[in-house]
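Summary of the model geometry
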Amino acid sequence: MIRADAALMGADPAQPAERSAKAKQLPPASRTDSTGEHLAYVALGANLADPLAQVRAAGRALADVPECRLLRLSSLYRSAPVGNRSIRGQADFINAVAALHTRLTPSQLLDALFAIERLFGRRREYHHAPRTLDLDLLLYDDQTVDSQRLRVPHPRMHLRAFVIAPLLEIAPQALIPGRGSAAAWLPAVSMQGIARLAD
Ligand code: ADP
Ligand code: MG
């Protein structure tokens, strides 16, 4: 087994303080602080072309997004594909959740996530196609966004063990606007196959 956390945090030399801060838990998403930074949570997932390496590298890419600061990266999790028959036949996914401080708007942050997906060679052949890398904006402060291309909170996040488990690891108090505490959704997703990769 890999040392998931060590690999991820160690891959980011710009953030050495994060290692000692790792045990600290983040507060629930709240409104912009006095510095103009927003607290956002992003889900990372991959099931093609060495997904472990893809998710680790994506963590580093998130740390490099302008106007963003990577606060925490969860452990890596291995999950069985969830969804219709076409997705259930695919390879297992590697997943993680990142917490960021950002000055970007939700829409700008989504653009940055799409840019990273493109960098990693993601092909959008069809909805739910196997992907090199999938980045979803889960939460942005306690805001709700409902536009054609962006919905925050992510509309299916509370139904996915591979989102809820890593999110609770780094933010046990996380609140999902309109759905209550993230922790309350854990029993509902506990039947989904997911394994935290050993440190
Ligand atoms: P999914 O992540 O649901 O498996 P995709 O990554 O293919 O599927 O995304 C499909 C569309 O979802 C994208 O074109 C994007 O515009 C839209 N979308 C809506 N809300 C979000 C969000 N919170 N994060 C990421 N994409 C989103
Ligand atoms: Mg997506």
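You'll find the structure just up there.
Every value quoted in this text rests on a predicted model; they were computed, and no experiment measured them.

**Thoughts on the overall build of the protein**
Secondary structure assignment for the protein yields seven helices and ten strands. Per-residue burial over the protein gives 40% buried out of 199 residues. Contacts in the protein between residues far apart in sequence, at least 24 positions, make up 73% of those at least 6 positions apart.

**Regarding helix α3 (residues 51-63)**
Compared with an ideal rise of 1.5 Å per residue, which puts 13 residues at 18 Å, α3 spans 18 Å between its outermost C-alpha atoms and is within 8% of the ideal. Those residues of α3 not exposed but buried are Pro51, Gln54, Val55, Arg56, Ala58, Gly59, Ala61, Leu62 and Ala63.

**Observations regarding the nonpolar core**
Val42, Leu62, Ala98 and Leu167 are the most contacted members of the largest nonpolar core, which totals 52 residues. Listing elements by their share of this core, those giving two or more residues are β1 (38-46), α3, β2 (68-73), β4 (93-102), α5 (106-119), β5 (134-140) and α6 (161-170). Ignoring any residue separated from it by four or fewer positions in sequence, one finds Val42 in contact with Leu62, Val97, Ala98, Leu100, Leu113, Leu135, Asp136, Leu137 and Leu138.

**A word on unusual backbone geometry**
Put simply, Val152 and Pro153 share a cis peptide bond, and its omega is -5°. Structurally, Pro153 can be placed in the loop between β7 (151-152) and α6. One non-glycine residue, Glu67, lies in positive phi territory at about 65°. Here Glu67 shows up in the loop between α3 and β2. The phi dihedral of Asp141 falls on the positive side, at around 45°, and the residue is not glycine. Mapping Asp141 onto the fold places it in the loop between β5 and β6 (145-146). On the basis of neighbour count, Asp141 is assigned to the partly exposed category, with 18 C-beta atoms found within 10 Å.

The rules behind each value
- Residues numbered from 1 in each chain as written.
- Chains lettered and ligands numbered in written order.
- Predicted model: local features only at pLDDT ≥ 70, side-chain atom pairs only at ≥ 80, totals over all residues.
- Helix = DSSP H or I, 4+ residues; strand = E, 2+ residues; numbered from the N terminus.
- Buried ≥ 20, exposed ≤ 12 C-beta atoms within 10 Å, placed from the backbone.
- Contact = placed C-beta atoms within 7 Å.
- Expected span 1.5 Å × (residues − 1).
- Core = buried A, V, L, I, M, F, W, Y, C linked by C-beta atoms within 7 Å.

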